[in-house]
Amino acid sequence: MSAQIQFKISHLARVVIFSLFLGNAIWGATLGKVVPLGGLAADLTLDEGRRVLYVANYTANRIDVVSLSDYSVRTSMNVAIQPSSLSLSPDGRYLVVTHFAPQTLPITSNNALTVIDLNTNNRQTFTLSAAPLGVQFGLDGKALVVTVTEFLIFDPATGTTQTLAPLNGVVAKALPAGSTDSPATIVASSLAASGDLGLIYGVLAAGTSDTTVIHFRYDVNTKALIYGGIKPSPALGPRALSVSKDGKTFINGWLYFETDLYIRGKMPTTGVLNIGTHAIDSSRGLIYSQVPSVAASGGTGGTTVASEPPVLQVLDSDNLTVLEKFQLPENAAGKSILSADSNWMYSISESGILAIPVGALSQQKRVVASVEDLVFRTSFCDRQSLSQQITIVDPGGNRVPFGIGSSNSGVTISPSTGVTPATVTVRIDPEAFRTKNGTSAVTLTVTAPDAINLPGTIRVLVNTKEPDQRGTTVNVPGNLVDLLSDPSRDRFYILRKDTNQILVFDGATNSQIATLKTSTAPLQMAFSFDRKYLMVANDRTYGLRVYDLETLQEVAPVKFPGAIAPRSVACSSRLCLAAVRDESSTPKIASFDLATRRVSILTSLGVYKNEILEGTTLVASSNGASILLIQTDGTAMLYNAVADAFTISRKLAGQVTGAYAASNFDQYVVGNQLLNASLVSIRTMDTSIGLSSGFAFIDQSAIRVGAASSSSPGIIQRVNLPAGDAVRATRLIEAPIVVDIAPTGGAGGAAAGASLNAFTRTLAPLANRSSIIVMTTSGFTVLPWVYDAATASPRLERVSNAADQSASVAPGSLITITGRDLSPINLANSALPLPTALGESCLTINGLPVPVLFVSPTQINAQLPFQVDGNVTMVLRTPGGVSDNYNLTMLPAAPIIFRSVLEGADSTVPAVVRAANNGLVTVSNPVHKDDTLTIYLSGMGNTSPAIPAGTPGPSDPLPSVLIPPTVTLGGVQLPVSFAGLTPGEIGVYQINVTVNRRINSGLQVPLVVTQSGNSSTVNLRVVD
């Protein structure tokens, strides 16, 4: 058989095999194939030379051999009691199996080790003096065996054992176990090696309660062994371990380590030991992980039952950012290994083995939306339906059915179902949001039963504003948690927590210029005192990432010892401080040196104990003189750089949440309280801004922002610091990010109900006082420095009919409004239908928006709505404010004949046209008897069918007026063939009449149009 034919058959087989791994479970379409074993698996190893998996079936007392050709159990090797772990020698000859069977006295324990020669099938069993926890071969052909008392080196060729080092503090769980226990909770250990078998890592439970865990690294070349213990909370589950190909990183349970045992990140988890798995794909820079993050129910001893669909997450191996999610047919339940080409992942699962074609993920059925956010911007006056389009695709090119649903009836999708690729239209009804005057967030949920991925959601942001609301918004999707400006470089930085990123923006253009990866779950940024470096504190990382601000490149991190996570950081001129969370003890304050990367836990905070609450936040004054420490229970402390000590501690009264800031003039802000140099509250600022969100000291003045809620208008306000008074409140286009909680807590422990973001920094003045950035609901809002410059309130002085400037108006009339400060600009509209807001001027009658044609400081041209008449109230809103009420009377009908100005003429002529020559009636183009005339008017009222104001009259059907008019010429009534809206025109009516021969001739023959008791008269020349 030729090589080419072999390749084709192999490729075809691979496609067929991949297709077998897309099945349907109770959760819908899933990825992977389950191989049931009829027992509980404890460990597995891969023999690619023989194309099989060896699985330690702990409860069935055998080694199941799973074929990689058809994923069936080819054979089973019966072995001694309870095979708990196994490993294959580098040459593929020896399979070493350990047996974990410590029995409760008086039953004799059966702890042992079996060597299987796979070439001859000869087997030899060796009794061990202590329970074996795991085995793993190194590149030297010898196996590292870990028992509860020691580390052993075992040579399978000779059967000799050498003690490497003692192991203290580990206690084996005795059999028999509880009915809900599994190998993960009984053996409670796992070993794995790097790709070249040069480094071996392991995780061991130090006691029977899983509260303390030992992790170790063994260097096969140097025979060096290091290990240490931690007390993770919750338990370190799933009980699995995976190692990168180069051995530089590894994962124990939900903790992500570097080779020096530094914890670089952790995954959200509930600490379940018997559900989940992970594997590091070094070739693609990915991690495949199932780590349950939703609390489950049932089971004891670290076991549980599934309470959520099993999901395989694809993570960025640099910082654990979730890139994709795929549905599995069942839960993984322990260790996973990758094939040599990283195309297959084999995992212990609830039924036995789960085989997942991770190398073919891009080819599988998936559904992905083209955007994360859709932003609609409307206004109080804009009642038109708005729409945008998004595309739904399968990146692999498959045709996959999908559906989209909305969490708000004011947002609709058409079509709401389809097949990829497809374009759908998202439409909003502004009427559903008109009372918000801020930004409302609506969730669109994409579902696809045939897709193996979880498509996620789309955020629809609907901004409804009034003209006095200031600022221009820039959409930035995601969970934004911190904002910091860099005046020396005219930049600002936004921290996006859900994707573990720093977003870098240019202050001159407000455009994004860079994206920097952070560690997992970033919380806060801080500058080094010299402003050369940017540091990021994280919720789930045991160190600080550091970035050179000149190059925007990452430099060496600051690694914190053990399981200490720096969650807030600030630098004075003397030293840098971090509020750290210790997995095994009370949170504390640590100091660190950026030059040496040396970290130490402070022995005390001056005369105070070094005990803080979990939500503690730090901020430094920019001159480096002090660092403010604020805790979620209201305790504030002050570090003084000159004294190199915490000199003040004080409990603040009232609600303590929201904005925090430190000035260069010994003033501080926490929430709505302004504090002096002794942290005494000298002023509680008013609550008119709503929930406190951001505060910025500017020399000896300040600005603060807040909002009632995330969907309300924001408020920005200047603060007169000498008096402590807040002045000149101005409404923002949308709310800054706010925290709607009032956390409380006790000394020495985590605050009850404390939020990870109880304190917020959402305000950043930029360089040279060019503009102000506010982190807001949809991203950020840009304000000019003089955002609150005084503008005059509008004043309405006169409303007249546009046809003849008289005071008679009716529903649908075109009108002219004169006054002062009606608009900051001159702007004419050419779009149809007419907008109800133009040039930031918004006109209403009885609260109903009015379509507008033209605005200027002294005049507005508009069309009155059809829905109202009688005594009505007109109000104009502009950036300068809201006008006083203007009361007028709208008649049911007020027919006014338009006047036209002829070219070169000084006077107007009536808008009456002869059908004979399509010319205006003038002295030189008089009315003839038997002529057909068209009279153009304004103010004839409602029609049938009804036509919305601002919309041109249709030609089919023709809208006729509801109140019939009468027309006389020289006192003789003319027959009316049509009276209604003129097709294609807005607010223009026409009456078609025929001139009677009985009419007398004359130069000034009166033409009178009467409707509902109101009339309009013009004089026409009539000839025979």
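As the structure is a computational prediction, the values presented were derived from the model and not from experiment.

**As for the overall build of the protein**
Here is step 1: In terms of helices and strands, the protein carries two helices and 93 strands.
Here is step 2: Computed over the C-alpha atoms, the radius of gyration of the protein is 39 Å, more than 25% above the 31 Å expected from 2.2 N^0.38 for a compact globule of 1024 residues.
Here is step 3: Taking the principal axes of its C-alpha atoms as reference, the protein extends roughly 135 × 80 × 50 Å.
Here is step 4: Going through the 1024 residues of the protein one by one, you find that 56% of them count as buried.

**Some words on the confidence of the model for the protein**
Here is step 1: Across the protein, pLDDT averages 90, with 93% of residues at or above 70.
Here is step 2: Contacts from residues 1-20, a stretch scored under 50 in pLDDT, to residues over four places away or in other chains number ten contacts.

**Things to note about the pattern of salt bridges**
Here is step 1: Scanning the entire structure with this criterion turns up 36 salt bridges.
Here is step 2: Of the charged contacts in the structure, one is a salt bridge between K559 and E258, with a shortest N-O distance of 2.8 Å. In this pair, K559 is assigned in strand β48 (residues 553-559) and E258 in strand β22 (residues 255-258), connecting sequence segments 301 residues apart.
Here is step 3: D318 is the partner of R545 in a salt bridge, and the nearest nitrogen-oxygen pair spans 3.2 Å. Of the two residues, R545 is situated in strand β47 (residues 543-548) and D318 in the loop between β26 (311-316) and β27 (322-327); the sequence distance between them amounts to 227 residues.

**Side note on the packing of aromatic side chains**
Here is step 1: A complete count under the given rule lists 14 aromatic pairs for this structure.
Here is step 2: Centroid distance F560 to F592: 6.1 Å. Interplanar angle 65°. Geometry classified as edge-to-face. Taken together, the positions of F560 in the loop between β48 and β49 (564-571) and F592 in strand β51 (residues 588-593) put the pair 32 residues apart, joining distant regions of the chain.
Here is step 3: Its relative accessible area of 2% is what places F560 among the buried residues.
Here is step 4: An aromatic cluster is built from Y71, W344 and Y346, whose rings are joined through pairwise contacts.

**A word on the environment of V669**
Here is step 1: With respect to the helices and strands, V669 occurs in strand β58 (residues 668-670).
Here is step 2: For V669, a relative accessible area of 0% translates into the label buried.
Here is step 3: Between the alpha carbons of V669 and P421 there is a distance of 52 Å; along the sequence they are 248 residues apart.
Here is step 4: Apart from residues no more than four positions distant in its own chain, V669 is found in contact with L628, A659, Y660, A661, L674, M685, F695 and F697.

**Comments concerning the sheet that holds strand β10 (residues 112-117)**
Here is step 1: If you walk across this open sheet you meet the four strands as β8-β9-β10-β11, and the pairing is antiparallel. Strands with a single pairing partner mark the edges of an open sheet, and in this sheet they are β8 (83-88) and β11 (123-127). Ignoring which end each strand starts from, the neighbouring axes of this sheet average 20° apart.
Here is step 2: Strand direction decides the pairing type here: β8 and strand β9 (residues 94-99), joined by five bridges, are antiparallel. Bridge pairing in β9 places P83 opposite H99.

**Concerning the state of the cysteines**
Here is step 1: Per the stated rule, a full pass over the model turns up one disulfide.
Here is step 2: Residue C571 pairs covalently with C576 via a disulfide, S to S 2.0 Å. The S-S bond linking C571 to C576 shows a torsion near 105°; that makes this disulfide right-handed.
Here is step 3: Note on C571: relative accessible area 5%, which makes it buried.

**Description of the pairing of strand β15 (residues 160-166)**
Here is step 1: One ladder, built from six bridges, connects strand β14 (residues 150-155) with β15; its direction is antiparallel. What sits directly across from E150, in β15, is P166.
Here is step 2: Between β14 and β15, which pair antiparallel one after the other, the connecting turn spans four residues, and G159 there sits at a positive phi close to 75°.

**So, the sheet that holds strand β60 (residues 681-684)**
Here is step 1: Strand order in the open sheet formed by five strands is β60-β59-β58-β57-β65, and the pairing between neighbours is mixed. Only two strands of the sheet have a single neighbouring strand rather than two, namely β60 and β65 (759-760).

**Some thoughts on the pairing of strand β63 (residues 714-720)**
Here is step 1: Counting buried positions along β63 gives six out of seven residues, so the element sits mostly inside the fold.
Here is step 2: Note: strand β62 (residues 701-707) against β63, six bridges, orientation antiparallel. Residue pairing in the sheet places V705 in a bridge with I716 of β63.
Here is step 3: Counted between consecutive antiparallel strands, the loop separating β62 from β63 contains six residues.

**With respect to the environment of N78**
Here is step 1: By secondary structure assignment, the location of N78 is in strand β7 (residues 73-78).
Here is step 2: Accessibility expressed as a relative area gives 59% for N78, which makes it exposed.
Here is step 3: When the C-alpha positions of N78 and D181 are compared, they lie 23 Å apart, and in sequence the two are 103 residues distant.

**Some points on the side chain of Q673**
Here is step 1: Mapping Q673 onto the fold places it in strand β59 (residues 673-675).
Here is step 2: Given the relative accessible area of 8%, Q673 is considered buried.
Here is step 3: From its side chain, Q673 meets the backbone oxygen of A653 in a polar contact 2.7 Å long.
Here is step 4: Apart from residues no more than four positions distant in its own chain, Q673 is found in contact with L652, A653, Q655, V656, Y668, S681, R683, T684 and M685.

**Some words on the nonpolar core**
Considering soluble globular proteins, one finds that nonpolar side chains tend to be buried as a cluster.
Here is step 1: V927, I935, V967, L969, I991, L1007 and L1020 are the most contacted members of the largest nonpolar core, which totals 28 residues.
Here is step 2: Apart from residues lying up to four places away in sequence, V967 is in contact with I935, V972, Q973, L974, V976, I991, V993, L1007, V1008 and V1009.

**Some remarks on the environment of T818**
Here is step 1: Inspection of the secondary structure assignment puts T818 in strand β70 (residues 814-820).
Here is step 2: Along the chain, T818 and T968 lie 150 residues apart, while their C-alpha atoms are 33 Å from each other.
Here is step 3: Excluding its chain neighbours within four sequence positions, the residues that come into contact with T818 are R795, L796, E797, R798 and T858.

**Considering unusual backbone geometry**
Residues other than glycine predominantly adopt negative phi, and peptide bonds predominantly adopt the trans conformation.
Here is step 1: Residue P176 is reached from L175 by a cis peptide bond, and omega for that bond is 0°.
Here is step 2: The residue P176 is located in the loop between β15 and α2 (183-186) in this model.
Here is step 3: A cis amide bond links T420 to the next residue, P421, at an omega of -10°.
Here is step 4: As for its placement among the helices and strands, P421 is situated in the loop between β36 (417-419) and β37 (422-428).
Here is step 5: With a phi close to 55°, D699 is a non-glycine residue in the positive phi region.
Here is step 6: Within the secondary structure, D699 is located in the loop between β61 (691-698) and β62.

Rules and cut-offs
Within each chain, residues carry numbers counting from 1 in the order of the written sequence. Thresholds applied to this predicted model are a pLDDT of at least 70 for local features of residues and 80 or more for the giving and counting of side-chain atom pairs; totals over whole chains, interfaces and linings are not thresholded and use all residues. With hydrogens and water stripped out, all remaining heavy atoms of the structure feed into the side-chain values. Only DSSP runs of H or I with at least four residues qualify as helices, and only runs of E with at least two residues qualify as strands; both kinds are numbered from the N terminus onward. Based on C-alpha atoms, the radius of gyration is set beside the globule rule, defined as 2.2 Å times the residue count to the power 0.38. Relative accessibility decides the category of a residue: with a 1.4 Å probe and only protein chains considered, values under 20% of the type maximum give buried, values over 50% give exposed, and everything between is partly exposed. Per-residue confidence from the predictor is reported as pLDDT, which spans 0 to 100. The contact criterion used is simple: two residues touch if any of their non-hydrogen atoms lie within 4.5 Å. When a carboxyl oxygen of Asp or Glu is within 4 Å of a side-chain nitrogen of Lys or Arg, the pair counts as a salt bridge. Stacked, tilted and edge-to-face pairs are distinguished by plane angle, under 30 degrees for stacked and over 60 for edge-to-face with tilted covering the rest, among Phe, Tyr and Trp rings (Trp via its six-membered ring) whose centres lie within 6.5 Å. We treat two strands as partners when DSSP finds at least two bridges between them. Every angle, taken between N-to-C directions, lies between 0 and 180 degrees, and every axis is a line fitted to C-alpha atoms, over only the stretch in contact when it is a helix. Cysteine sulfur atoms are paired as a disulfide whenever they come within 2.5 Å of each other. Identification of polar contacts relies on pairs of N or O atoms within 3.5 Å, with a donor-acceptor requirement for protein atoms, meaning one able to donate a hydrogen and the other able to accept it, and with residues adjacent in sequence counted only if both atoms are side-chain atoms. Here, the term nonpolar core denotes a set of buried Ala, Val, Leu, Ile, Met, Phe, Trp, Tyr and Cys residues that are joined through side-chain atoms within 4.5 Å.

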